[in-house]
Amino acid sequence: MVTASRIRNLKGKRKISMLTAYDYLTARILEAAAIDIILVGDSMGTTILGYPTTLPVTMDIMVAHVAAVKRGAPKTMVVADMPFLSYGVSEEEAIRNAGRFLKEAGADAVKLEGGKDIAPLVEKMVSLGIPVMGHIGLRPQQVLKSGYQVAGRTEADIENLSEDAKALEKAGIFSLVLEGTTEEASRLITDMVSIPTIGIGAGRYTDGQVLVITDMLGYEPDHQYKHNKTYANLYNTIFSAVVQYKEEVEMGLFPSEEHVFHQK
Ligand code: KIV
């Protein structure tokens with residue numbers, strides 16, 4: 001079992017690697033590659049479910065995918081992302097939902113978007129034994145209010161982010177995602193807090209990095225993001241395989257003798 005305190009203790013020793021995953025097969029590969037943390041992000045709404053935003057993702061969808069990921073990566077820390085409005089309505093409902101991730105899906109921790117506003121809820125969760133990862137900066141669940149905007153462009157904004165980070169640290173989070181944040185802001189926050197920061201589009205000085213698996217594997221060549229690095233081109237690989245299969249079926253080349261069963 002990988003505990004939150006083990007991840008927390010990596011700060012200052014070595015950088016932390018985190019990737020998203022949404023299914024059993026991918027989780028198996030990430031565990032084999034010894035990735036430190038697998039995040040079952042609500043980004044699954046846009047990346048694999050085809051929604052325009054993350055907002056339609058429900059608890060039931062998340063629980064099913066977190067459970068699949070945990071089956072594929074039983075020895076890796078799996079963090080379950082709390083979807084839109086699964087924690088904003090009441091403290092009771094939020095804790096029950098976080099509990100579902102740990103009890104039904106086998107998650108090791110939950111992640112919540114938000115700053116000082118959610119610090120009292122985070123404190124309560126942590127006191128109950130639920131490890132919490134924070135998430136500030138660009139917050140995709142706020143898209144209808146503010147769009148997707150890089151955070152930390154001004155002094156006032158950096159001050160605001162710093163206050164959020166401090167409040168969450170005090171509430172007991174074991175790590176903090178900084179998304180879409182200027183390098184200046186994320187460096188300052190990383191130096192300021194005792195817990196590891198994990199950046200996506202937050203520059204070079206965070207304690208760890210996270211990427212969305214479908215972005216880094218190149219599933220959507222039309223979607224290029226400044227923060228992302230494409231380590232593979234799975235769109236082309238899968239497309240070529242499917243085209244070849246179709247041609248071989250049409251030409252009667254597949255199946256061949258090696259794929260055929262014969263009567264005894
Ligand atoms: O949902 C997600 O994948 C995330 C990461 C981008 C941090 O929150």
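Attention shifts here to helix 4 (residues 59-72). If you check helix 4, its first and last C-alpha atoms are 20 Å apart, about what 14 residues at 1.5 Å a residue would give, namely 20 Å. All buried positions along helix 4 are accounted for by Met-59, Met-62, Val-63, Val-66, Ala-67, Ala-68, Val-69, Lys-70 and Gly-72. On its buried face, helix 4 is in contact with helix 2 (24-32), strand 2 (37-40), helix 3 (44-47), strand 3 (77-81) and helix 5 (91-103).

For the rest of this paragraph, the subject is the packing of helix 2 against helix 4. Following both chains from N to C, one finds helix 2 and helix 4 inclined at 40°, their axes separated by 7 Å at the closest point. Considering their axes alone, helix 2 and helix 4 lie oblique with respect to each other. The way helix 2 lies across helix 4 gives a crossing that is right-handed. Contacts between helix 2 and helix 4 involve Tyr-24, Ala-27, Arg-28 and Glu-31 on the former and, on the latter, Ala-68, Val-69, Arg-71 and Gly-72. Class assignment for the residues of the contact of helix 2 with helix 4 results in four nonpolar, one polar and three charged.

Let us look at the pairing of strand 3. The buried fraction of strand 3 is high, at five of five residues. Pairing analysis gives four bridges linking strand 2 to strand 3, with the strands arranged parallel. Considered in strand 3, the bridge of Val-40 is made with Ala-80. Sheet topology places strand 3 next to strand 4 (residues 109-113); three bridges connect them, and they run parallel. The partner of Asp-81 across the bridge, within strand 4, is Lys-111. Where the polypeptide runs from strand 3 across helix 5 and back to strand 4, its parallel neighbour, the crossover connection is right-handed.

Calculation criteria
Residues numbered from 1 in each chain as written. Predicted model: local features only at pLDDT ≥ 70, side-chain atom pairs only at ≥ 80, totals over all residues. Heavy atoms only, no water. Helix = DSSP H or I, 4+ residues; strand = E, 2+ residues; numbered from the N terminus. Expected span 1.5 Å × (residues − 1). Buried < 20%, exposed > 50% of the residue type's maximum accessible area, 1.4 Å probe, protein only. Contact = heavy atoms within 4.5 Å. Axes fitted to C-alpha atoms, helices over the stretch in contact; angles between N-to-C directions. Parallel < 35°, antiparallel > 145°, perpendicular 65-115°, else oblique. Left-handed = near helix turned anticlockwise from the far one by under 90°. Nonpolar A, V, L, I, M, F, W, Y, C, P; charged D, E, K, R; others polar. Pairing = 2+ DSSP bridges. Right-handed = clockwise from strand over helix to strand, strands pointing away.

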